[in-house]
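# Chain and residue survey
Spelled out from the first residue to the last, the chains are:
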Amino acid sequence: MITLVLPEICYIVEAQTETAFTPTDKFNIPGTSGPSTISFSINGTYMQASIENGAWKFVGLSFRNLTQQGKLNLTVSAQDSNVTITSYRATNATESGMGSVRISYLVEGNGTQTFNFGVTPNVGYWSVIVQRVYLPQYGGWDISSDGKVTVTGATSGVVVTIMCYTYSTSYADALSQPFYAQHSVILAVGVGVFAVVALCLVIWRVNLRAPRQSKVPRHNRSLTIKHVSMESTER
Amino acid sequence: MVWEISATIALPIFSVIILVGIFCILKFTKNKTKNVSNLRLFVQIIATVAIFMGLVLGPFDLPRMAPLGPSPRDRLVGAGFLGYQFPDGVSVPVLACYYANGRTVTCPIWQIQAYIFPFWNFPRGYDVFYSTSGLEKLGIVFALVIGMSLILGRFFCGWLCPFGLYMDLLTRVRKVFRTRHLTLSEKTNTMLGQLRWIIIAIFLILSVIFGSYAIFGTQIIPGTIAGGPLGAEAGIVGNLNEPFCLVCPMRPLCVGVLTALGYMKWSYVSQITYGPFWITGFYITSINLAVLIAITILSLAYTRLFCRICPLGGLTALFSSFTPFKQIAVTRLVKDEEKCTKCGICKRVCPTGATQMYEKKGGDVTESRCMLCARCVEMCPEKGALTVKVAGKTVFKSRNWLESL
């Protein structure tokens, strides 16, 4: 008698509670010149929120009625300024199209704000827009290697948008090709132009020799040479 | 329903039409002074169709041009093979306007400007991605233009440019009314020729100023940070980038044709055009509309007027008609001084007012104004006095057409 003993499979689901927030909720950050606050102008939920090293870390952040791919883990901080996050939008990159991550906030006070979406700098192109004007990197904002965007160029009462266009997957593949494959077009064009120039030079040399072997009778040679010399003086 | 004509069906048909057309023109044109002109007109039409192939092949019934969604200019036929390295299409020195549907090649003037500003070292263009740097993209454009100019010179202007076709059609309209064209003085014509270099210098300098942040790290003009579609949100796209395109008459002509064919909505195009002349739009501006109207009116009086100031023609001439390129250029107009009777017909019939084939004493008479249309060769009544040579071989020479009269 064969007895089959089936192991009992247990799925353990860790229950996580979502906490709702509203525009009236303020997340304070202690500072030397008074506390700064983080708030949201939209309703949403998060799974966990904690303050670490002067920055609020939200885990499983979700906004109501906004486009986002999965839940957001956001670390946000402010110094000498208050931040009200007004919108957030995230779309994933596809085979042919780029994705985007975009967050907008209203700032009060002339301070510094930092955001980290967990998106590293090399996966896309980053921009910071203040009142529809693009700020140059290092001249109002900067990004660290771990993806922390620090905005210093925003004045009180303005809306700031931090945006990252993430590359399409095929584009990201193209960037990881070896050197010759990444620059094959200019290499091919360069070789082609070199060949054209070489061919032109050969044709030029052949045509230069041609008049010397011309069928002009010997008694007319002087006339031909005279004409050639006149031509050359004109050039 | 979105549908399109397959290239595998269209291209053989297209090839047969070309061959039959050329045969018919050469065989059945009895007037020897119109043989080449007719052939050239046919080639120009074929070239224009080939350049804007998407208008013929489709896809048709796509959502028409709108601020959002697919736009006609997003269609590139046969240009995708260069991938992310050069996605805007192969540079060919004709006014193959960027702002048109289904083009197979792209205007180098647009590319030169766009790759300096706004897309210098920027990964995203107008609905395309770039994996190459600005310098590399510029290198490809210049290499292609130099290579093509060395082989064919300004043949592109005379035989392939769609805007050249437009001006030639205007000339034919004038001829219907049996009106003689006006002639510019040699001094004015020379000045117009020199204006080309000034135009090239201006758009290059402006592009570099606008692209200064991306190139040198210093933003000379505020708001000129790299990036097109992103820049559009800051309101800079229509106003600053591609400065020559803002005045180029080809752009409104393309937009006009697309609108007439139903590819663009006039309500959208016209919204941007109205207003003070300095307000510029994305697809059409008041300035280049005014330039097109002026060029159209003036071209009824003066033949190939825009070609005399065209910076693209200037660029092609730069790499085919000046030292050291002149010496090794493959396609040339050659004069045999001994056969020339100085009748002056060549000078009178030249559409761009070139004079070297008359004034120079034999040899290579190709000059920067000459677009190798071969009108002078066709009209020259002395057998073999003028010749078009490719790589030293005669492809077309003047004949005594007076004998056949």
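All of these numbers come straight from a predicted model, not from anything done at the bench.

## Notes on the overall build of chain B
On a plain count of helices and strands, chain B comes out with 19 helices and 6 strands. For chain B, buried positions account for 48% of its 405 residues. For chain B, the proportion of contacts with a sequence separation of at least 24, taken over those separated by at least 6, is 70%.

## Describing the overall build of chain A
Of regular secondary structure, chain A possesses 4 helices and 15 strands. Scored against the burial criterion, the 235 residues of chain A give a buried share of 22%. Counted over contacts in chain A with a minimum sequence separation of 6, partners at least 24 positions apart contribute 54%.

## Comments concerning the nonpolar core
Leu95 and Phe156 of chain B are the most contacted members of the largest nonpolar core, which has 142 residues in total. Of all the elements, helix H5 (residues 134-152) of chain B adds the most residues to this core, at 9 residues.

## Section: the interface of chain A and chain B
On the side of chain B, 36 residues touch chain A, which itself brings 36 residues to the contact. Secondary structure elements with two or more residues in the side of chain A that touches chain B: strand S11 (124-130), strand S12 (133-135), helix H1 (169-175), helix H3 (184-209) and helix H4 (221-234) of chain A. The leading source of residues in the side of chain A that touches chain B is H3 of chain A, at 15 residues. Here the residues of the side of chain A that touches chain B are counted per class, giving 24 nonpolar, 9 polar and 3 charged.

## Section: the sheet that holds strand S3 (residues 36-40) of chain A
Sheet strands associate in pairs through backbone hydrogen bonding, adopting either a parallel or an antiparallel arrangement. Residues and elements named next belong to chain A. One open sheet holds the 7 strands; their spatial order is S2-S3-S8-S9-S15-S11-S12, and the pairing between them is mixed. Edge positions in the sheet fall to strand S2 (26-29) and S12, since each has one partner strand and no second. If you compare each strand with its neighbour and ignore which way they point, the axes differ by 25 degrees on average. Taken together, the 7 bridges between S11 and strand S15 (residues 159-166) define a ladder with antiparallel strand orientation. Along S15, the bridge assignment pairs Val130 with Val160.

## Considering helix H15 (residues 311-318) of chain B
All names here are of chain B. A large share of H15 lies buried, amounting to 7 of its 8 residues. For H15, every residue scored as buried is listed here: Pro311, Leu312, Gly313, Gly314, Leu315, Thr316 and Ala317. Elements in contact with the buried residues of H15: helix H4 (108-116), H5, helix H6 (155-160) and helix H8 (186-210).

## Some remarks on the domain arrangement of chain B
Residues and elements named next belong to chain B. Looking at chain B, the domain boundaries give domain 1 (69-312) and domain 2 (330-404). With 16 residues of domain 1 at the contact, the number on the domain 2 side is 13 residues. Counted by class, the side of domain 1 that touches domain 2 contains 7 nonpolar, 5 polar and 4 charged residues.

## Things to note about unusual backbone geometry
All names here are of chain B. In this model, Phe117 is joined to Pro118 through a cis peptide bond whose omega is 10 degrees. As for its position among the elements, Pro118 is in the loop between H4 and H5. For the peptide bond that leads from Thr323 to Pro324, omega is 5 degrees, which places it in the cis range. The backbone of Arg178 shows a phi angle near 50 degrees, a positive value even though the residue is not glycine. In this structure, Arg178 sits in the loop between helix H7 (162-176) and H8. The phi dihedral of Arg304 is positive, around 45 degrees, even though this residue is not glycine. Inspection of the secondary structure puts Arg304 in the loop between helix H14 (286-301) and H15.

## Regarding the sheet that holds strand S3 (residues 331-335) of chain B
All names here are of chain B. Read across the sheet, 4 strands follow the order S4-S3-S5-S6 without closing on themselves; strand pairing throughout is antiparallel. Of all the strands in the sheet, the pair left with one neighbour each is strand S4 (363-364) and strand S6 (393-397). Alignment of S3 against S4, held across 2 bridges, turns out to be antiparallel. When the sheet's bridge partners are listed, Lys335 is paired in S4 with Gly363.

## Some points on the confidence of the model for chain A
Residue and element names in this part refer to chain A. Confidence in the prediction of chain A, expressed as mean pLDDT, is 79, and 81% of residues score 70 or more. Counted against residues more than four places away or in other chains, residues 1-15, with its pLDDT under 50, gives 0 contacts. Ignoring residues within four places in sequence, the model shows residues 212-235, a span with pLDDT below 50, making 13 contacts including any to other chains.

## A look at helix H12 (residues 250-261) of chain B
Residue and element names in this part refer to chain B. For H12, with 12 residues, the first-to-last C-alpha span of 16 Å sits near the 16 Å given by 1.5 Å per residue. Considered for burial, the residues of H12 that qualify are Met250, Arg251, Pro252, Leu253, Cys254, Val255, Leu258 and Thr259. Just downstream of H12 lies Gly262, where phi reads positive at about 90 degrees.

## Details of the environment of Val56 of chain B
Residues and elements named next belong to chain B. Mapped onto the fold, Val56 is located in helix H3 (residues 54-57). The partly exposed category is assigned to Val56, around which 14 C-beta atoms lie within 10 Å. Each C-alpha atom, one on Val56 and one on Ala226, is 35 Å from the other, the two residues being 170 residues apart in sequence.

## A word on the environment of Thr224 of chain B
You can see Thr224 of chain B is positioned in the loop between helix H9 (212-216) and helix H10 (229-233). On the basis of neighbour count, Thr224 of chain B is assigned to the buried category, with 23 C-beta atoms found within 10 Å.

## Things to note about the pairing of strand S8 (residues 82-91) of chain A
Residues and elements named next belong to chain A. With 3 bridges connecting them, S3 and S8 associate as parallel partners. Directly across from Ser39, in S8, lies its bridge partner Thr84. Looking at chain direction, S8 and strand S9 (residues 99-108) are connected through 9 bridges and run antiparallel. Each residue of the ladder has a partner; that of Ala90, found in S9, is Val101.

## Considering the pairing of strand S7 (residues 72-79) of chain A
Residues and elements named next belong to chain A. When strand S6 (residues 55-63) meets S7, the two strands line up antiparallel, connected through 4 bridges. Within S7, the residue paired with Phe58 across the bridge is Leu74. In terms of strand pairing, S7 meets strand S10 (residues 112-116) through 5 bridges, oriented antiparallel. Residue pairing across strands places Ser77 opposite Thr114, the latter belonging to S10.

## What to know about the confidence of the model for chain B
Do not read the fine detail of predicted coordinates wherever pLDDT is low. All names here are of chain B. Looking at chain B as a whole, the pLDDT averages 84, with 84% of positions reaching at least 70. When pLDDT is averaged over each helix and strand of chain B, the minimum, 45, is found for H10 and the maximum, 96, for H6. A low-confidence stretch, residues 229-236 stays under pLDDT 50, and its non-local contacts, those more than four residues away or across chains, total 19 contacts. ipTM for the predicted complex: 0.85, alongside a pTM of 0.81.

## Considerations on the packing of H4 of chain B against H5 of chain B
All names here are of chain B. At a minimum axis distance of 9 Å, the contact between H4 and H5 shows a crossing angle of 165 degrees. Overall, the two elements H4 and H5 adopt an arrangement that is roughly antiparallel. Considering how the two elements wind past one another, H4 and H5 form a crossing that is left-handed. Contacts between H4 and H5 involve Pro108, Gln111, Ile112, Tyr115 and Ile116 on the former and, on the latter, Gly134, Lys137, Leu138, Val141 and Val145.

Conventions and cut-offs
- Residues numbered from 1 in each chain as written.
- Chains lettered and ligands numbered in written order.
- Predicted model: local features only at pLDDT ≥ 70, side-chain atom pairs only at ≥ 80, totals over all residues.
- Helix = DSSP H or I, 4+ residues; strand = E, 2+ residues; numbered from the N terminus.
- Buried ≥ 20, exposed ≤ 12 C-beta atoms within 10 Å, placed from the backbone.
- Contact = placed C-beta atoms within 7 Å.
- Core = buried A, V, L, I, M, F, W, Y, C linked by C-beta atoms within 7 Å.
- Nonpolar A, V, L, I, M, F, W, Y, C, P; charged D, E, K, R; others polar.
- Pairing = 2+ DSSP bridges.
- Axes fitted to C-alpha atoms, helices over the stretch in contact; angles between N-to-C directions.
- Domains from an automatic or database assignment.
- pLDDT = per-residue confidence, 0-100.
- Expected span 1.5 Å × (residues − 1).
- Parallel < 35°, antiparallel > 145°, perpendicular 65-115°, else oblique.
- Left-handed = near helix turned anticlockwise from the far one by under 90°.

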